[in-house]
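Here are the chains, one letter per residue:
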Amino acid sequence: MITLYDLVFQDDRRPSPFCWRAKFALKHKGLAWRDEPVGFTEKEKIAFAQSQTLPVIHDGAHVVKDSWAIVRHLDKAHHEQPLFKSEMALSYAHFVAGWVDTTVHPALFPLLIGDLYDRVRPADKSYFQESRAKRLGTTDFAAFQAKAREKGPAAFRAVLEPARRVLKEQPFLCGEHPAYPDYALVGAFLWARVASPFALLESDDPVHAWRERMLDLFDGMGRKAKAA
Ligand SMILES: N[C@@H](CCC(=O)N[C@@H](CS)C(=O)NCC(=O)O)C(=O)O
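Keep in mind the model is a prediction, meaning the values are calculated, not measured.

> Would you mind going over the overall build of the protein with me for this structure?
Helix and strand counts for the protein come out as 9 helices and 4 strands. In sequence order, the secondary structure elements of the protein are arranged as β-α-β-β-β-α-α-α-α-α-α-α-α. Taken over the C-alpha trace, the protein has a radius of gyration of 17 Å; the compact-globule value for 228 residues is 17 Å, and the two agree within 12%. In terms of its C-alpha atoms, the protein occupies a principal-axis envelope of roughly 50 × 45 × 30 Å. Looking at the protein residue by residue over its 228 residues, the buried ones come to 53%. When contacts within the protein are restricted to residue pairs at least 6 apart in sequence, those whose partners lie at least 24 apart make up 69%. The averaged location of the 29 negative side-chain charges in the protein is 2 Å from the averaged location of its 32 positive side-chain charges.

And the structure:
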């Protein structure tokens, strides 16, 4: 049985966008897993993988860290229901994951930082505050978030335009059926949903309808996760 080491917040919340990618990929392939929650200050649990970040998986003799390495491993080790059916599918997935990492997450982070901090486990608060203050240049995350939200979610919505153009024409980024590019993007929305009540999308946005479809996938895995 595969073990997935998943970042945990207060009240067993699981917001990590990268861990969500791994969970959707496991479901896509029909693979069962055992879940091991890891707090920010419990990195000793993943020391065996020489990793400082989550997700990590333990799959038989294989220990794999980093969400992209994990999904590549899953397809190599388990041939059923491939995530990447061609070199082009693999390249599209890599491109979309990179776009989410470098454009979608940075646009979202300032809108969520105060709510994320509020939901971090008490034992992890000072670690989170210190590490994120290095990135943001302040420890006043509530004020940083309020300033980001003054502008409203319009700038964030604009970032989604490449996805919106595709989703105007088809139900998923990958066509009639979802695949890894959809999982990479929905991870960002689950990060937001689990950590924050802030409304990101308008109801007539094709990205909104797509997000609803993604929340319904795999017996409502995303929808059932504890939300803010
Ligand atoms: N490139 C890595 C990024 C993983 C990552 O940054 N994970 C965050 C959680 S979303 C983490 O574990 N952070 C630990 C920390 O900040 O100490 C991947 O794709 O798995």
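> Help me understand the packing of aromatic side chains in this model?
In this description, a pair of aromatic rings is defined by centroid distance and the angle of the planes. Under the definition given, this model contains 17 aromatic pairs. When the centroid spacing of 5.2 Å and the interplanar angle of 55° are considered together, the rings of Tyr-5 and Phe-48 count as tilted. In this pair, Tyr-5 sits in strand β1 (residues 2–7) while Phe-48 sits in the loop between β2 (33–38) and β3 (56–59), placing the two residues 43 residues apart along the sequence. Look at Phe-48 and you get partly exposed, because its relative accessible area is 34%. Look at Trp-68 and Phe-84: their rings are 5.5 Å apart centre to centre, the planes differ by 55°, and that puts the pair in the tilted class. Remark: Phe-84 occurs in the loop between α2 (67–77) and α3 (87–119) and Trp-68 occurs in helix α2; sequence separation between them is 16 residues. What makes Phe-84 buried here is its relative accessible area of 12%. By way of ring pairs, the aromatic residues Phe-9, Phe-40, Tyr-117, Tyr-127, Phe-128 and Phe-141 are connected into one cluster. The ring centre of Tyr-117 lies 4.7 Å from the NZ or CZ of Lys-125, which sits over that ring. Above the plane of the ring of Phe-172 lies Arg-213, whose end atom (NZ or CZ) is 5.8 Å from the centre.

> Hey, could you run me through the site of the ligand in this one?
In the vicinity of the ligand, 14 residues are found, and the nearest of them are Lys-43, Leu-54, Asp-66, Ser-67 and Tyr-127. Relative to its free-state accessible area of 520 Å², the ligand is covered by the protein chains to the extent of 80%. Where the shell around the ligand is concerned, the elements lending two or more residues are α1 (17–28) and α4 (125–136).

> What is the right way to read the sheet that holds strand β4 (residues 62–65) from this model?
The strand order across the open sheet built from 4 strands is β2-β1-β3-β4, with neighbouring strands paired in mixed fashion. Taken across any chain shown, the strands that pair with only one partner, and hence form the sheet edges, are β2 and β4. Averaged over all adjacent pairs, the angle separating strand axes in this sheet is 20°, with direction ignored. Bridge count between β3 and β4: 4 bridges; the pairing is antiparallel. By the bridge assignment for β4, Ile-57 is matched with Val-64. Against the sheet, α2 makes contact with β1, β3 and β4, and its axis sits at roughly 145° relative to β4, the strand it touches most.

> How do you make sense of the layout of surface pockets when you look at a structure like this?
The gaps left among the atoms become clear once a water-sized probe is rolled over them. A volume near 620 Å³ is recorded for the largest pocket. Lining the largest pocket are 24 residues, with Leu-7, Phe-18, Phe-40, Arg-132 and Arg-135 positioned closest to its centre. Those elements giving two or more residues to the lining of the largest pocket turn out to be α1, α3 and α4. Here the lining of the largest pocket is built from residues that sort into 14 nonpolar, 5 polar and 5 charged.

> Just to check I follow, could you spell out the domain arrangement of the protein for this structure?
Note: interface size is frequently given as the accessible area lost on complex formation between the parts. Each domain of the protein was delimited in the assignment, giving domain 1 (2–77) and domain 2 (87–224). Computed over C-alpha atoms, the centres of domain 1 and domain 2 are 19 Å apart. Opposite the 25 residues of domain 1 that make contact, domain 2 presents 34 residues. In total, about 2600 Å² of surface goes out of reach between domain 1 and domain 2, with carbon and sulfur atoms giving 71% of it. Inspection of the region where domain 1 meets domain 2 yields 2 salt bridges. One salt bridge in this structure joins Asp-101 and Arg-21, with 2.8 Å as the shortest N-O distance. Where domain 1 meets domain 2, there are 6 residue pairs in polar contact (both at pLDDT 80 or more). Top contributing element to the side of domain 1 that touches domain 2 by residue count: α1, with 9 residues.

Reading guide: rules and limits
Residues numbered from 1 in each chain as written. Predicted model: local features only at pLDDT ≥ 70, side-chain atom pairs only at ≥ 80, totals over all residues. Heavy atoms only, no water. Helix = DSSP H or I, 4+ residues; strand = E, 2+ residues; numbered from the N terminus. Rg over C-alpha atoms; globule rule 2.2 N^0.38 Å. Buried < 20%, exposed > 50% of the residue type's maximum accessible area, 1.4 Å probe, protein only. Contact = heavy atoms within 4.5 Å. Lys, Arg positive; Asp, Glu negative; His and termini not counted. Charge placed at Lys NZ, Arg CZ, Asp CG, Glu CD. Phe/Tyr/Trp six-rings, centres within 6.5 Å; stacked < 30°, edge-to-face > 60°. Lys NZ or Arg CZ within 6 Å of the ring centre and 35° of its normal. Near = heavy atom within 4 Å. Areas by Shrake-Rupley, 256 points an atom, 1.4 Å probe, with all protein chains shown as cover. Pairing = 2+ DSSP bridges. Axes fitted to C-alpha atoms, helices over the stretch in contact; angles between N-to-C directions. 1 Å grid on protein atoms, 1.4 Å probe; cavity = no way out; pocket = protein on both sides within 12 Å on 5 of 7 lines; lining within 4 Å. Points joined across faces, edges and corners; volume = space filled by probe spheres on them. Nonpolar A, V, L, I, M, F, W, Y, C, P; charged D, E, K, R; others polar. Domains from an automatic or database assignment. Buried area = accessible area lost by both parts, 1.4 Å probe. Salt bridge = Lys/Arg side-chain N within 4 Å of Asp/Glu carboxyl O. Polar contact = N/O pair within 3.5 Å; in protein donor to acceptor, adjacent residues only side chain to side chain.

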